[in-house]
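Summary of structural features
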Amino acid sequence: MILKNSNFSEQTAWISVIFTVFIAWYYGTGLMQLEGTFSSHAEQVVGLWVETIIVSTIFVVIAFIALAVIKKITGDDEDISLVDERDELIEAKTTTWAYFNLSTCIAILLVHVFCQGVIINYPFFSNVPPIDFIIHGLMFSGLWVEFVARATQIYRYRKAA
Amino acid sequence: MTKKPKGIISNQLRKKRFEKDEMTQQELAKALGVTRQTIAAIEAGKYSPSLEVAFCLTDIFATPLDELFQWQANDSEINKD
């Protein structure tokens, strides 16, 4: 039903939302299994990145093949390269909201690292070195921003504009 | 600072489509170069098209713009100004 009443941009937004949740779960699970920090066990962190990139690629390939098959079965012959004024308007609103979220995330990361270095007995993530916090924080920020952007896009499509 | 008056834009798109040989949303979308979902959103009054699309619609249906789209101003907003 959702597929029938949605264009290609909205369908890809749904894939992106599911993708970000899955990758956040995968990366988070991998993060829990890491031993040591980036400075002492860099190869483990790099290994997790490589694994995440491979899993991401497999996920995207499977998702788009599944979408293509479903579109074929349902007889949806919509031109997927067509982007009209409504798509552009929704994309612009989405990008504004995503930019705001990205700025906020980066500000939070930097403020945290600053506070960790300045405040004695700083209570948040005190056992995580700043470089690790920045690396993994940027990864989760990217996923969060993508999630927010695509969820906003879906909301706008459902609301109509 | 005065607020711009707000109102509701209604349209006769669905009616005009049926009057034109029961044209489908898909056919109209193809003629305009937009998606079918955009036509559905315009008909439902949930999306206001650009002037360019609005004038293209007048060409397709060979009808004046004010017959296709109607503007009903919100009286309370006008009275505020």
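Small disclaimer: the values here were computed from a predicted structure and weren't measured.

Conventions and cut-offs
- Residues numbered from 1 in each chain as written.
- Chains lettered and ligands numbered in written order.
- Predicted model: local features only at pLDDT ≥ 70, side-chain atom pairs only at ≥ 80, totals over all residues.
- Heavy atoms only, no water.
- Helix = DSSP H or I, 4+ residues; strand = E, 2+ residues; numbered from the N terminus.
- Buried < 20%, exposed > 50% of the residue type's maximum accessible area, 1.4 Å probe, protein only.
- Areas by Shrake-Rupley, 256 points an atom, 1.4 Å probe, with all protein chains shown as cover.
- Contact = heavy atoms within 4.5 Å.
- Buried area = accessible area lost by both parts, 1.4 Å probe.
- Salt bridge = Lys/Arg side-chain N within 4 Å of Asp/Glu carboxyl O.
- Nonpolar A, V, L, I, M, F, W, Y, C, P; charged D, E, K, R; others polar.
- Core = buried A, V, L, I, M, F, W, Y, C linked by side-chain atoms within 4.5 Å.
- Expected span 1.5 Å × (residues − 1).
- Phe/Tyr/Trp six-rings, centres within 6.5 Å; stacked < 30°, edge-to-face > 60°.
- Axes fitted to C-alpha atoms, helices over the stretch in contact; angles between N-to-C directions.
- Parallel < 35°, antiparallel > 145°, perpendicular 65-115°, else oblique.
- Left-handed = near helix turned anticlockwise from the far one by under 90°.

What to know about the overall build of chain B
Within chain B one finds 6 helices and 2 strands. Start at the N end of chain B and walk to the C end: the helices and strands fall as β-α-α-α-α-α-β-α. In chain B, which comprises 81 residues, the proportion classed as buried is 36%. Surface summary for chain B: the accessible area is close to 5400 Å², and the carbon and sulfur share equals 52%.

Describing the interface of chain B and chain A
The interface of chain B with chain A comprises 12 residues on the first partner and 14 residues on the second. Summed over both sides, the interface between chain B and chain A buries roughly 1000 Å², with carbon and sulfur atoms accounting for 52% of that surface. For chain B, the biggest contributors to the area lost against chain A are Thr35(B), Gln37(B) and Tyr47(B); these three give 51% of the whole. Between chain B and chain A we count 0 salt bridges in total. Top element by residues in the side of chain B that touches chain A is helix H3 (residues 36-43) of chain B. It accounts for 4 residues. Residue composition of the side of chain B that touches chain A, grouped by class: 5 nonpolar, 5 polar and 2 charged.

Observations concerning the nonpolar core
Ranked by size, the top nonpolar core spans 18 residues in total, and within it Leu13(B), Leu28(B), Leu32(B), Leu57(B) and Phe61(B) carry the most contacts. Elements with a contribution of two residues or more to this core: helix H2 (25-32), H3 and helix H4 (51-61) of chain B. For this core, the leading source of residues is H4(B), giving 5 residues. For Leu32(B), the residues in contact, after removing those within four places along its chain, are Ile39(B), Val53(B), Cys56(B), Leu57(B) and Ile60(B). Counting 9 residues, the second-largest nonpolar core is a separate cluster that includes Phe19(A), Ile23(A), Ala63(A) and Leu67(A).

Describing the environment of Val69(A)
In this fold, Val69(A) is placed in helix H2 (residues 42-73). Each C-alpha atom of the pair Val69(A) and Leu89(A) lies 29 Å from the other, and the pair is 20 residues apart in sequence.

Remarks on H2(A)
Residues and elements named next belong to chain A. Between its first and last C-alpha atoms H2 spans 47 Å; for 32 residues at 1.5 Å apiece the expected length is 46 Å, and the two agree. Burial in H2 covers these residues: Val45, Leu48, Thr52, Val55, Ser56, Phe59, Ala63, Leu67 and Lys71. Of the surrounding elements, those touching the buried residues of H2 are helix H1 (8-32) and helix H4 (130-159). Downstream of H2 by a residue or two, Gly75 has a phi angle that is positive, lying close to 75 degrees.

Concerning the packing of aromatic side chains
Residue and element names in this part refer to chain A. Tallied over the full model, the rule gives 10 aromatic pairs over all chains. Centre to centre, the rings of Phe22 and Trp25 are 5.9 Å apart; their planes meet at 35 degrees, and the pair counts as tilted. With a gap of 3 residues between them, Phe22 and Trp25 both fall in helix H1, about one helical turn apart. With centroids separated by 5.5 Å and ring planes inclined at 70 degrees, the aromatic side chains of Tyr27 and Phe140 adopt a geometry described as edge-to-face. Of the two residues, Tyr27 is situated in helix H1 and Phe140 in helix H4; the sequence distance between them amounts to 113 residues. Residue classification places Tyr27 among the buried residues on the basis of a relative accessible area of 0%. By the ring-pair criterion, three or more aromatic residues cluster together here, those being Phe19, Phe22, Trp25, Tyr26 and Phe59.

So, the packing of helix H3 (residues 85-118) of chain A against H4(A)
All names here are of chain A. In the contact formed by H3 and H4, the axes pass within 8 Å of each other and the chain directions differ by 155 degrees. Taken together, the axis directions place H3 and H4 in an arrangement best described as roughly antiparallel. H4 is crossed by H3, and the crossing has right-handed handedness. Looking at the contact of H3 with H4 residue by residue, the classes come out as 17 nonpolar, 8 polar and 6 charged.

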